[in-house]
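Listed below are the residues making up each chain.
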Amino acid sequence: MLTLLLSAVLLPADTVRGRVADNAGQPVAQAIVEVTDIGKSVTTGADGAFRIALAPGRYTLAVRRQGFAPAVREISVGSGQPSRALDFVLSPSAFRLEPVTVTATRQPLASASSPLPADALAGNALRRAQGVSLAHVVEALPGVRAITTGSQIGKPVIRGFSGARVLVLENGSRLEDYSWSDEDGPSVETAFVRRIEVIRGPASVLYGSDALGGVINVIPEALPDAAGGPGFIRMGFTLSAASNNVEIAPGAQVEGARGNMGWRVAAIGRHASNLHTPAGELDNTGYGAFNGDAAAEWRWPSGRAFA
């Protein structure tokens, strides 16, 4: 192992140069050129040019830019041999793709290169799957089911594992309050989150023994940032209802920023009676829930501090 490390350090680096352009030949600035094998990346300049130093070997280069379809190419870098310039042509694309999955490995990685199968709920798909229970929300993803006791109480099941064998994270923090009984579901409010990521399969090496079945990570919306401008406060409201069980769910959110400080306070309540069918009322299908959360963030020049 030491010999391999020394050889990697001692090998001379070669500078790989290239240019990124669109179909009309115009340069594409601020495109990300990533060496996926080692996680190294650079950004193209105003002229679309880039350069990156690599040791001899074979690499996979991926070029991404919002508004364009990604381009991938394998290259070979030889020690002492002059490298030719690489030209990438990006085609405009109307699709907005999630570029990375952040929970399947310790470093951001393209989904296609992830060693573990991972999926995510975000945007309209997340809003369509909205519900009281986290287990019912993630059930919209393939390979995920729920053990339920009633219409809105449940535990997520991944590949036959549930309870203490499925790790639930909220913004990277472990939740330990859902694995004791059938009535204890994950205490996560999904109405105000930005993205829910699910790893299907054993991830204990990265996350500990609780992750034998998989990992669910709930990622909230980023806190507002004044970005050096004047402070502000904004608020929003949400209301949903259903007629069969006389369900109503009002919610409110207030957030703001001033200077280096960003904050948010949110709350939502839900109440519903029993479901009705042509054969009569279904017992134990009504529910009530109230969730609230508050978060604040102070942005230092060297990093961030949460409260």
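The structure we're discussing is the one just above.
Report follows, based on the coordinates. (Residues numbered from 1 in each chain as written. Predicted model: local features only at pLDDT ≥ 70, side-chain atom pairs only at ≥ 80, totals over all residues. Heavy atoms only, no water.)

## Some words on the packing of aromatic side chains
Piece 1. Going through the model one piece at a time under the given rule, you end up with 1 aromatic pair.
Piece 2. Pairing Phe-50 with Phe-88 gives two aromatic rings, centres 6.2 Å apart and planes at 50°, and the pair type is tilted. Of this pair, Phe-50 sits in strand β4 (residues 49-54) while Phe-88 sits in strand β7 (residues 86-90), placing them 38 residues apart in sequence.
Piece 3. By relative accessible area, Phe-50 is classed as buried at 5%.
Piece 4. Residue placement shows Arg-73 over the ring face of Phe-88; its charged tip is 4.5 Å from the ring centre. (Phe/Tyr/Trp six-rings, centres within 6.5 Å; stacked < 30°, edge-to-face > 60°. Helix = DSSP H or I, 4+ residues; strand = E, 2+ residues; numbered from the N terminus. Buried < 20%, exposed > 50% of the residue type's maximum accessible area, 1.4 Å probe, protein only. Lys NZ or Arg CZ within 6 Å of the ring centre and 35° of its normal.)

## A word on the pairing of strand β11 (residues 166-170)
Piece 1. With 4 of its 5 residues buried, β11 lies for the most part within the structure.
Piece 2. As judged from the 5 bridges shared by β11 and strand β14 (residues 214-220), these two strands associate in the parallel manner. In the sheet register, Val-168 faces β14, and the bridge partner there is Ile-216.
Piece 3. Looking at chain direction, β11 and strand β12 (residues 173-174) are connected through 2 bridges and run antiparallel. Residue pairing in the sheet places Glu-170 in a bridge with Ser-173 of β12. (Pairing = 2+ DSSP bridges.)

## Re the environment of Leu-282
Piece 1. In this structure, Leu-282 sits in the loop between β19 (280-281) and β20 (287-300).
Piece 2. What makes Leu-282 partly exposed here is its relative accessible area of 37%.
Piece 3. Setting aside its immediate chain neighbours within four residues, Leu-282 contacts Asn-274, Leu-275 and Thr-277. (Contact = heavy atoms within 4.5 Å.)

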